[in-house]
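Inside the fold
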Protein chains: 2
Amino acid sequence: MSTVTITDVAKRVGVSVATISRYLSGFTVRNAEDIREAISELNYRPSAAARNLKSGRTGIIAIVVPDITNPFFAAIVEGAESAVGDDRMVLLVNTGAIREREEKALSQLFGRVDGVIMAPSTEEQHAPAFFSQFGLPIVFVDRVTQDGERFSSVLAENAKGAELATGHLISHGHSKIAMISGPNSATPGKKRADGYRQAMKKAKIEVIHDFFIESDFTEAGGNLAMKQLLALDTPPTAVFVANNLMTLGALHALSEAEVSIPQEISVIGFDDHDFADLINPPITVISRDARLQGSQAMELMIKQLSDGSASHPEHSMVDVHLVERGSCAPPRESQKIRSNKKAR
Amino acid sequence: MSTVTITDVAKRVGVSVATISRYLSGFTVRNAEDIREAISELNYRPSAAARNLKSGRTGIIAIVVPDITNPFFAAIVEGAESAVGDDRMVLLVNTGAIREREEKALSQLFGRVDGVIMAPSTEEQHAPAFFSQFGLPIVFVDRVTQDGERFSSVLAENAKGAELATGHLISHGHSKIAMISGPNSATPGKKRADGYRQAMKKAKIEVIHDFFIESDFTEAGGNLAMKQLLALDTPPTAVFVANNLMTLGALHALSEAEVSIPQEISVIGFDDHDFADLINPPITVISRDARLQGSQAMELMIKQLSDGSASHPEHSMVDVHLVERGSCAPPRESQKIRSNKKAR
DNA sequence: TTGTACGCGTTATCAT
DNA sequence: ATGATAACGCGTACAA
């Protein structure tokens, strides 16, 4: 156990601890060589804990996400990590989208980290109050909480993306367009639903109640929603699925029910995936640079930390774009989908 | 800014700091109610930094992985996080499989964390020396370094899995079986190659030099390797790909070259993937519980931390199993793969 | 049960 | 340029 302190080094060299400290801080000292040597021989490492206590900073930035297993959040974390710099590190908190864990994590984070980058699982949250209460710098990424405007954030062009997706379906001639949406309580859920409605409105297509399903961004949720859609008397001819996991679930439902894409139904998803182009047919999606979202969030955090500019929140958005592959086509003349074939 | 200390609470209540400290530690004190009240009114939070300095512990466990973007490592991290408990947190380090970053991270980690769970990018590493030097508890997960036996580890049944995979191909009647392997310098790379050779030996099939390609566990690497295989005068009729990313790359190469699976070539991968069953055809793989690997590693770490049992390293292995889908079939009579059609 | 006082390892201030 | 020392906030041995 390396319990060698700055005092040991000082004794070894025959100077005071202050001199060693100065040397470590880059100041010019007389016997720098002796010190360098002593440090390496004694294998001295400054105590992070002591430094934290003195400085009040930890050099650690937390990033809290609902599910690190979701490739999208993994990309965000990777982006954030890539921008953290040499003198700081990233503390990961995976909340499983469980509210209690989020809150507990936040309180545990206080004092252990200099700031937190967070993708809150819901907007209905007291997080901002919590943050302002403790004065912990925060940057929201991908999602915000109720009065999230008071804090910096890096979101995606959710509404635009959803409009793009829905418009793409419309341009193929579809009108029976369903949406499997995320929870309305989460930023991307709400915004993408808005975009869908906006596009439908522009095209003067009425949104059928049964065609809009508010699900939960999980694979199971997407799976269930798609089954519900297939069980309808007149199923949709196209569906826009609001995130990658739900798309996965929906595709499984479609595959199980032996509904062919895009002949019987057109599918477009939000967020790309490595395998999306290997599926048959390759899936058309709205894509964006999640890694960039993460790195931008980290940059905002670092700026905030050095400027102390918590009072001037910055809001940035990463762009989205359509990646056209093979899962969208015009609707058939005959709208007879074998809806009840296998779908429950 | 919450700069309220234990002293403030003590003054408020009219007792000494020791009493407050005792209250916080769960001891019985006279005016517990007053203290509780004062703490909540003053919004007092004990300083983690000061506690760290006193106790020598941080309550943080690091987990360093090559690539958090790889679903496999994401699952490991998620598993580890799930087992960390209420009084500790996880610090993530993503090294990008870059040796220098690994080493730098390790030195930065010292003093900031109580222990590190690590998936080293290569076995050719001085990490163990580094660890023993500083006495930082470590548990290896998925991979080890040179003298990794001296430290606890949670590996997978790599050799068994590779034998299973190769045997599956052999049982279908293949003999021209190629392997796209990982780097021999990494534990899973080496062990899986061993398993392949073992299975081939058992079946008395000679391993053709050109059929064994040592790649690098990346998508690009798998892609290139598969192209090389396809460009051979007599290409293999089956291929075992040693990890998920390389499988992805190989599938892209196959798809690009319009080689049909399993008619023209059988494919089996190592490590499952959410989308593996949606690809056409669904991909047969060797699977294992990565999340379990992560949680076991964390459990070993926590045990080590409480026991102080660093001297009794434990080595555990998670099992593997074959997930049969549709990417393997008997070889054709005519072995004419359109090898040079589009490959390259 | 409670209070006093010291130590944890650094850095910053103040003299020298 | 250097040395002595206070201070960071907390836990705890010791005395009461």
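Residues numbered from 1 in each chain as written. Chains lettered and ligands numbered in written order. Predicted model: local features only at pLDDT ≥ 70, side-chain atom pairs only at ≥ 80, totals over all residues. Heavy atoms only, no water.

1. Here's the deal with the overall build of chain A
The cut-off we apply is this: Helix and strand definitions follow DSSP, with helices as H or I runs of at least four residues and strands as E runs of at least two, each counted in order from the N terminus. Radius of gyration: C-alpha atoms only; globule rule: 2.2 Å multiplied by the number of residues to the exponent 0.38. Per-residue accessibility, obtained with a 1.4 Å probe over protein chains only, is compared with the maximum for each type, and a residue is labelled buried under 20%, exposed over 50%, and partly exposed between these values. Whether two residues are in contact is decided by their heavy atoms, any of which lying within 4.5 Å being enough. The convention is simple: Lys and Arg are positive, Asp and Glu are negative, and His and the chain ends are not counted. Lys charges are placed at NZ, Arg charges at CZ, Asp charges at CG and Glu charges at CD.
Summing up its helical and strand segments, chain A has 12 helices and 12 strands in all. Over its C-alpha trace chain A gives a radius of gyration of 26 Å, far above what one expects of a compact globule, namely 20 Å for 344 residues. Referenced to the eigenvectors of the C-alpha coordinate spread, the extents of chain A come out at roughly 95 × 40 × 30 Å. The buried share among the 344 residues of chain A stands at 55%. For chain A, the proportion of contacts with a sequence separation of at least 24, taken over those separated by at least 6, is 71%. Both charge centroids of chain A, one from 36 positive and one from 42 negative side chains, sit 2 Å from each other.

2. Some remarks on the pairing of strand E10 (residues 284-288) of chain B
Residue and element names in this part refer to chain B. Heads up, the rule is: Here the rule is simple: two strands pair whenever DSSP picks up at least two bridges between them.
By the criterion of burial, E10 is predominantly enclosed, with five of the five residues buried. Taking every second residue as pointing to the same face, both faces of E10 are buried, with Thr284, Ile286 and Arg288 on one and Val285 and Ser287 on the other. Where E10 and strand E12 (residues 320-323) come together, four bridges link them in antiparallel fashion. Directly across from Ser287, in E12, lies its bridge partner His321.

3. Focus on the UniProt feature "domain: HTH lacI-type" (unreviewed entry) in chain A
Selection criterion: UniProt positions are given in the numbering used here, feature names are shortened, and annotations may be inferred rather than shown by experiment.
Those places that UniProt annotates as "domain: HTH lacI-type" (unreviewed entry) correspond, in this numbering, to residues 4-55 of chain A. Each end of residues 4-55 of chain A is marked by a C-alpha atom, and these two atoms are 21 Å apart; helix forms 67% of the span and strand 0%.

4. Quick look at the relation of the copies chain B and chain A
Heads up, the rule is: Copy-to-copy alignment: least squares on C-alpha atoms, limited to residues at pLDDT 70 or above in both.
Rotating chain B by 180° and moving it 0.0 Å along the rotation axis overlays it on chain A with an RMSD of 0.1 Å. Both copies of the chain, as the preceding transformation shows, are related through a two-fold rotation axis. When you check the interface residues of chain B against chain A, 98% turn up at the interface there too, and the contact is symmetric in its surfaces.

5. Digging into the sheet that holds strand E5 (residues 152-156) of chain A
For clarity, the cut-off: Only the stretch in contact is used when fitting a helix axis, every axis being a line fitted to C-alpha atoms; angles between N-to-C directions are given from 0 to 180 degrees.
Taken together, the 12 strands give an open sheet; going across it, the order is E11(A)-E5(A)-E4(A)-E3(A)-E1(A)-E2(A)-E2(B)-E1(B)-E3(B)-E4(B)-E5(B)-E11(B), and neighbouring strands pair in mixed fashion. The open sheet has two edge strands, strand E11 (315-318) of chain A together with strand E11 (315-318) of chain B, and neither has a second partner. Taking each pair of neighbouring strands and ignoring which way they run, the sheet shows an average axis angle of 20°. As judged from the three bridges shared by strand E3 (residues 115-118) of chain A and strand E4 (residues 138-141) of chain A, these two strands associate in the parallel manner. Following the sheet pairing, Val116 of chain A is matched in E4 of chain A by Ile138 of chain A. In the packing of helix H6 (residues 99-109) of chain B onto the sheet, the strands contacted are strand E2 (89-94) of chain A together with strand E1 (60-65), strand E2 (89-94) and strand E3 (115-118) of chain B, and the crossing angle to E2 of chain B comes to about 150°.

6. Side note on the protein's contact with DNA strand C
What counts here: Consider each residue's heavy atoms; a residue with any of them within 4 Å of a molecule or strand counts as near. Whenever two N or O atoms come within 3.5 Å, that pair is a polar contact, provided that in protein one can donate a hydrogen and the other can accept it, and provided that, for residues adjacent in sequence, both atoms are side-chain atoms. Three classes are used, and their members are as follows: Ala, Val, Leu, Ile, Met, Phe, Trp, Tyr, Cys and Pro are nonpolar, Asp, Glu, Lys and Arg are charged, and the others, Gly among them, are polar.
Around DNA strand C lies a shell of 21 residues, among which Ile6 and Tyr44 of chain A together with Thr19, Arg22 and Arg30 of chain B are the nearest. Atoms of DNA strand C within 4 Å of the protein belong to the sugar or the phosphate in 58% of instances, the rest to bases. Between DNA strand C and Ser21 of chain A, the relevant distance is 3.0 Å, taken from a phosphate oxygen to a side-chain nitrogen or oxygen of the residue. Contact between DNA strand C and Ser16 of chain B: a phosphate oxygen at 3.0 Å from a main-chain N or O atom of the residue. Of all the secondary-structure elements, those providing two or more residues to the surface near DNA strand C are helix H2 (17-24) and helix H4 (48-55) of chain A together with helix H2 (17-24) and helix H4 (48-55) of chain B. Residue composition of the surface near DNA strand C, grouped by class: nine nonpolar, six polar and six charged.

7. Points about the pairing of strand E1 (residues 60-65) of chain A
Residues and elements named next belong to chain A. We apply this condition: Handedness of a crossover is defined as follows: with both strands directed away from the viewer, a clockwise route from the first strand across the helix to the second makes it right-handed.
Most of E1 is tucked away, with six of its six residues classed as buried. Across the two faces of E1 the burial is the same, with Ile60, Ala62 and Val64 and Ile61, Ile63 and Val65 all buried. As paired strands, E1 and E2 are joined by six bridges and run parallel to one another. Each bridged residue has a counterpart across the sheet, and for Val64 the counterpart in E2 is Val93. Viewed along the sheet, the connection from E1 through helix H5 (residues 71-82) into E2 turns out right-handed. Alignment of E1 against E3, held across four bridges, turns out to be parallel. Within E3, the residue paired with Ile61 across the bridge is Gly115.

8. Structural notes on the pattern of salt bridges
Condition: Think of a salt bridge as a Lys or Arg side-chain nitrogen and an Asp or Glu carboxyl oxygen that are within 4 Å of each other.
Enumeration according to the criterion identifies 26 salt bridges over all chains in this entry. Notably, a salt bridge pairs Arg291 of chain A with Glu78 of chain A, separated by 2.5 Å at the nearest N-O pair. Of this pair, Arg291 of chain A sits in helix H12 (residues 290-307) while Glu78 of chain A sits in helix H5, and the two are 213 residues apart along the sequence. Residue classification places Glu78 of chain A among the buried positions, given a relative accessible area of 16%. Where Lys104 of chain A meets Asp86 of chain B, a salt bridge forms, and the shortest distance between an N and an O atom there is 3.6 Å. Here Lys104 of chain A, found in helix H6 (residues 99-109), pairs with Asp86 of chain B, found in the loop between helix H5 (71-82) and E2, and the two come from separate chains. Judged by its relative accessible area of 33%, Lys104 of chain A is partly exposed. One salt-bridge network, held together by shared partners, links Asp142, Arg143, Asp271 and Arg288 of chain A.

9. A look at the interface of chain B and chain A
Applied cut-off: Joining two parts hides part of their accessible area as seen by a 1.4 Å probe, and the buried area is that hidden amount summed over both.
Listed per partner, the contact involves 49 residues of chain B and 49 residues of chain A. Across the chain B/chain A interface, buried area totals approximately 4800 Å², and carbon plus sulfur atoms make up 64% of it. The largest per-residue losses of area from chain B upon contact with chain A belong to Met89, Phe275 and Leu278 of chain B, which jointly make up 15% of the total buried on that side. At the surface where chain B touches chain A, the tally comes to two salt bridges. On inspection of chain B and its partner chain A, the count reaches 10 residue pairs in polar contact (both at pLDDT 80 or more).

10. Some remarks on the protein's contact with DNA strand D
For DNA strand D, the set of nearby residues contains 20 residues, the closest of which are Thr19 and Arg30 of chain A together with Ile6, Tyr44 and Arg51 of chain B. Among the atoms of DNA strand D close to the protein, meaning within 4 Å, 58% are from sugar or phosphate groups. Contacts to DNA strand D include Lys54 of chain A, whose side-chain N or O atom sits 3.2 Å from a base nitrogen. Residue Ser21 of chain B places a side-chain N or O atom 3.3 Å away from a phosphate oxygen belonging to DNA strand D. When contributions to the surface near DNA strand D are tallied by element, the ones reaching two or more residues are H2 and H4 of chain A together with H2 and H4 of chain B. Here the residues of the surface near DNA strand D are counted per class, giving nine nonpolar, five polar and six charged.

11. Notes on the packing of H5 of chain A against H12 of chain A
Residue and element names in this part refer to chain A. This is how the line gets drawn: Roughly parallel means an angle under 35 degrees; roughly antiparallel, over 145; roughly perpendicular, 65 to 115; everything else is oblique. Note on convention: near helix rotated counterclockwise from far helix by under a right angle means a left-handed crossing. Clockwise means right-handed.
Relative to each other, H5 and H12 sit at 40°, their axes nearing to 6 Å. One element, H5, and the other, H12, form an angle in the oblique class. Classified by chirality, the crossing of H12 by H5 is right-handed. Contact residues: H5 offers Phe72, Ala75, Ile76, Glu78, Gly79, Ala80 and Ser82, while H12 offers Ala290, Arg291, Gln293, Gly294, Ser295 and Met298. Classifying every residue of the contact of H5 with H12 by side-chain character gives six nonpolar, five polar and two charged.

12. Remarks on empty space enclosed by the protein
Our working rule: Lining residues are those with an atom within 4 Å of a point, where the points come from a 1 Å grid over the protein atoms alone and group into cavities, where a 1.4 Å probe fits but cannot get out, or pockets, open sets with protein on both sides within 12 Å along at least five of seven lines. Grid points are joined across faces, edges and corners, and a volume is the space filled by probe spheres set on the points.
Counted by the stated rule, this structure contains nine cavities of 30 Å³ or more. As a volume, the largest cavity reaches approximately 130 Å³. Lining the largest cavity are 14 residues, with Asn52 and Ile60 of chain A together with Asn52, Ile60 and Arg112 of chain B sitting closest to its centre. Listing elements by their share of the lining of the largest cavity, those giving two or more residues are H4 of chain A together with H4 of chain B. Here the residues of the lining of the largest cavity sort into six nonpolar, six polar and two charged.

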